[in-house]
Amino acid sequence: MAEINAVLAGLTVEELEEIKALGPNGHLGRHLIDAFDRAAGGPDAGRGFYVLDGTVNPNGGQVRILRNDVRDRIFQTQPTQG
């Protein structure tokens, strides 16, 4: 898996701003999933930087959020324990 800083550097300013606007537990839209994949090296390369949160969207698709350490890096918070 690619390193967090390298992947975040591959996102555009607009993508990072949108992620920040969603908040630390915001649901990532398909275009943001695609952005993580692109930044990590290609199709599905961003898997692991985002994870399923256990809920489904109104269309029946699974909802994805940022992995804890990725979220902490973007929002500059202390890493969570456990």
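Note that the structure is a prediction, hence the values are computed from the model and not measured.

Caption draft 1: Looking closely at the overall build of the protein. Along the backbone of the protein there are four helices and two strands. Listing each helix as α and each strand as β along the protein from the N terminus yields α-α-α-β-β-α. Relative to a compact globule of 82 residues, whose C-alpha radius of gyration would be 12 Å, the protein shows 12 Å and is just as compact. Along the longest, intermediate and shortest principal axes, the C-alpha atoms of the protein span 30 × 30 × 25 Å.

Caption draft 2: Region of interest: the packing of aromatic side chains. Per the stated rule, a full pass over the model turns up one aromatic pair. Seen in terms of ring centroids, Phe36 and Tyr50 are 6.4 Å apart; in terms of plane orientation they differ by 65°. Their pairing is edge-to-face. Highlighted residues: Phe36 in helix 3 (residues 30-40) and Tyr50 in strand 1 (residues 50-56), separated in sequence by 14 residues. Tyr50 carries the same exposure label as Phe36, and that label is buried. Stacked on the ring of Phe49, the Lys or Arg Arg67 has its end atom at 5.3 Å from the ring centre.

Caption draft 3: Just the nonpolar core, in detail. Ile19, Phe36 and Val70 are the most contacted members of the largest nonpolar core, which totals 17 residues. Of all the secondary structure elements, the ones that give two or more residues to this core are helix 1 (4-10), helix 3 and helix 4 (68-75). With six residues, the top contributor of residues to this core is helix 3. Not counting the four nearest positions on each side in its chain, Val70 is found in contact with Ile4, Leu8, Phe36 and Phe49.

Caption draft 4: Just the pattern of salt bridges, in detail. Per the counting criterion, the structure on display carries six salt bridges. For Asp72, the salt bridge is made with Arg71, and the minimal N-O distance between the two is 3.1 Å. Per residue, the accessibility class of Asp72 equals that of Arg71, and both read buried. One salt-bridge network, held together by shared partners, links Arg30, Asp34 and Asp37.

Caption draft 5: Quick peek at the packing of helix 2 (residues 13-22) against helix 3. Relative orientation of the contacting elements helix 2 and helix 3 amounts to 130°, with a least axis distance of 11 Å. One way to sum up the angle between helix 2 and helix 3 is to call them oblique. Considering only the axes of helix 2 and helix 3, their crossing is left-handed. Facing helix 2, whose interface residues are Glu15, Glu18, Ile19 and Leu22, helix 3 presents His31, Leu32, Ala35, Phe36 and Arg38. Its residues assigned to classes, the contact of helix 2 with helix 3 shows five nonpolar, one polar and three charged.

Basis of the calculations
Residues numbered from 1 in each chain as written. Predicted model: local features only at pLDDT ≥ 70, side-chain atom pairs only at ≥ 80, totals over all residues. Heavy atoms only, no water. Helix = DSSP H or I, 4+ residues; strand = E, 2+ residues; numbered from the N terminus. Rg over C-alpha atoms; globule rule 2.2 N^0.38 Å. Phe/Tyr/Trp six-rings, centres within 6.5 Å; stacked < 30°, edge-to-face > 60°. Buried < 20%, exposed > 50% of the residue type's maximum accessible area, 1.4 Å probe, protein only. Lys NZ or Arg CZ within 6 Å of the ring centre and 35° of its normal. Core = buried A, V, L, I, M, F, W, Y, C linked by side-chain atoms within 4.5 Å. Contact = heavy atoms within 4.5 Å. Salt bridge = Lys/Arg side-chain N within 4 Å of Asp/Glu carboxyl O. Axes fitted to C-alpha atoms, helices over the stretch in contact; angles between N-to-C directions. Parallel < 35°, antiparallel > 145°, perpendicular 65-115°, else oblique. Left-handed = near helix turned anticlockwise from the far one by under 90°. Nonpolar A, V, L, I, M, F, W, Y, C, P; charged D, E, K, R; others polar.

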